[in-house]
Amino acid sequence: MSTLDYHIHTIVSTDADYTPAEIIRMAKENGVKTLAITDHNNVASVAEAASLGEAEGIRVIPGIEIDCDFEGVGFHMTAYGIDITDPRYDELFHYYYDQSVENTWKAKHQFCEAMGLDLPDELLKDVAKDNILVPEDIGAYLLSHKEYDDLHWLDPYREGGSRSDNPNVNFFWDFFSQGKPGYTAGSKKTAAEIIDLIHATGGEAVVAHPGANFKGKDEILERLLDSGVQGMEVYSSYHSEEQTRHYRQLALDHGLWMTCGSDFHGHHKPSIQIGRIPFLENEAEIHRF
């Protein structure tokens, strides 16, 4: 376990489960001393988590994880040390929320059509959160209902399968990420816009889990790394040991800070725990915000 975890989601992320109080309790149990709340396009949990953390001797860094685009690649930018009271973050939340209600159901329809799957919307209304249907919930529904047991393309996500460690989120990456049948681009802010916003609100911009979005796209990633970001999430639950070594070297080559994050969500990522950062052997090289 690490005493640092700069990538944690609370219940205000539509694909996460736990309240700020529960996050702080788990962090304390796991020996985490410094953490960042990085909800998707949302800062609503940060103040509560910071207050609760202070009472437990845990430092909470104000953060956020923002959807954005760079040269046609959709990816996540994390920000740290931002002024969460700046109204532009509320505007950012609504910009993405208003799209998500329509786009997530559109993605579901695309996926079902591509896979020849009969899955009526009515069956999923109860699992949608604020009428936003995250792909992980589609995967969870299919895997938990016997009428879909004969869909053998789901076998890798079932117990013992090659994608069963985090079946729901792996289902998302395999069917709903960029280039997959259920992907809907929406209208993302550009990396330049997001970097400007982060800097204007006193924060630092860090490219989240590059292995999840820039695998095989190092030339594009390197241009992004030279575009005004301060750091890169080198140590991530998404990265293999080989990827971790690769992104560590890229960070050093570009003079960037290195961060670490579990990307904890809850039941959609059952193998992920707060403070469990793969391949992190030396916390001293992680930037202290």
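Residues numbered from 1 in each chain as written. Predicted model: local features only at pLDDT ≥ 70, side-chain atom pairs only at ≥ 80, totals over all residues. Heavy atoms only, no water.

Attention shifts here to the side chain of Asp39. Along the chain, Asp39 falls in the loop between strand S2 (34–37) and helix H2 (46–55). This buried residue, Asp39, is left without a salt bridge; Lys129 holds the nearest opposite charge, at 8.0 Å. A polar contact of 2.7 Å, which involves the side chain of Asp39, links it to the backbone nitrogen of Thr10. In terms of polar contacts, Asp39 uses its side chain to reach the side chain of Ser13, at 2.7 Å. Sequence-distant contacts of Asp39, defined by excluding residues within four places in its chain, comprise Ile8, His9, Thr10, Val12, Ser13, Ser45, Ile64 and Glu65. (Helix = DSSP H or I, 4+ residues; strand = E, 2+ residues; numbered from the N terminus. Buried < 20%, exposed > 50% of the residue type's maximum accessible area, 1.4 Å probe, protein only. Lys, Arg positive; Asp, Glu negative; His and termini not counted. Salt bridge = Lys/Arg side-chain N within 4 Å of Asp/Glu carboxyl O. Polar contact = N/O pair within 3.5 Å; in protein donor to acceptor, adjacent residues only side chain to side chain. Contact = heavy atoms within 4.5 Å.)

Take Thr85: it is sitting in the loop between strand S4 (73–80) and helix H3 (87–115). When its relative accessible area of 64% is taken as the criterion, Thr85 is described as exposed. Counting along the chain gives 116 residues from Thr85 to Thr201, while the straight-line C-alpha distance between them is 9.2 Å. A polar contact is formed between the side chain of Thr85 and the side chain of Asp83, at a distance of 2.6 Å.

Below, the discussion takes up the layout of surface pockets. In this structure, the second largest pocket spans a volume of roughly 440 Å³. Around the second largest pocket sit 19 residues that line it, and Arg163, Asn170, Trp173, Ala212 and Tyr238 are the ones nearest its centre. For the lining of the second largest pocket, the elements supplying multiple residues, two or more each, are helix H5 (167–175) and helix H7 (210–213). Looking at the lining of the second largest pocket residue by residue, the classes come out as five nonpolar, eight polar and six charged. (1 Å grid on protein atoms, 1.4 Å probe; cavity = no way out; pocket = protein on both sides within 12 Å on 5 of 7 lines; lining within 4 Å. Points joined across faces, edges and corners; volume = space filled by probe spheres on them. Nonpolar A, V, L, I, M, F, W, Y, C, P; charged D, E, K, R; others polar.)

Its identity as a non-glycine residue notwithstanding, Asp130 has a phi of 55°, on the positive side. Structurally, Asp130 can be placed in the loop between H3 and helix H4 (135–144). Assessed through its relative accessible area of 53%, Asp130 is described here as exposed. With a phi close to 65°, Asn131 is a non-glycine residue in the positive phi region. Residue position: Asn131 is located in the loop between H3 and H4.

With that settled, the discussion passes to the pairing of S4. Counting buried positions along S4 yields eight of eight residues, so the element is predominantly enclosed. The alternating pattern of S4 places Val73, Phe75, Met77 and Ala79 and Gly74, His76, Thr78 and Tyr80 on opposite faces, both of which are buried. Inspection of the sheet shows strand S3 (residues 59–70) paired to S4 by eight bridges, in the antiparallel sense. Bridge assignment links Cys68 to a residue of S4, and that residue is Phe75. The turn joining S3 and S4, which pair antiparallel and follow one another in sequence, is formed by two residues; a positive phi near 50° is taken by Glu71. As paired elements, S4 and strand S6 (residues 204–207) share four bridges and run antiparallel to each other. What sits directly across from Met77, in S6, is Val207. (Pairing = 2+ DSSP bridges.)

Note that every value here comes from positions in space, so none of it alone points to a role or purpose.
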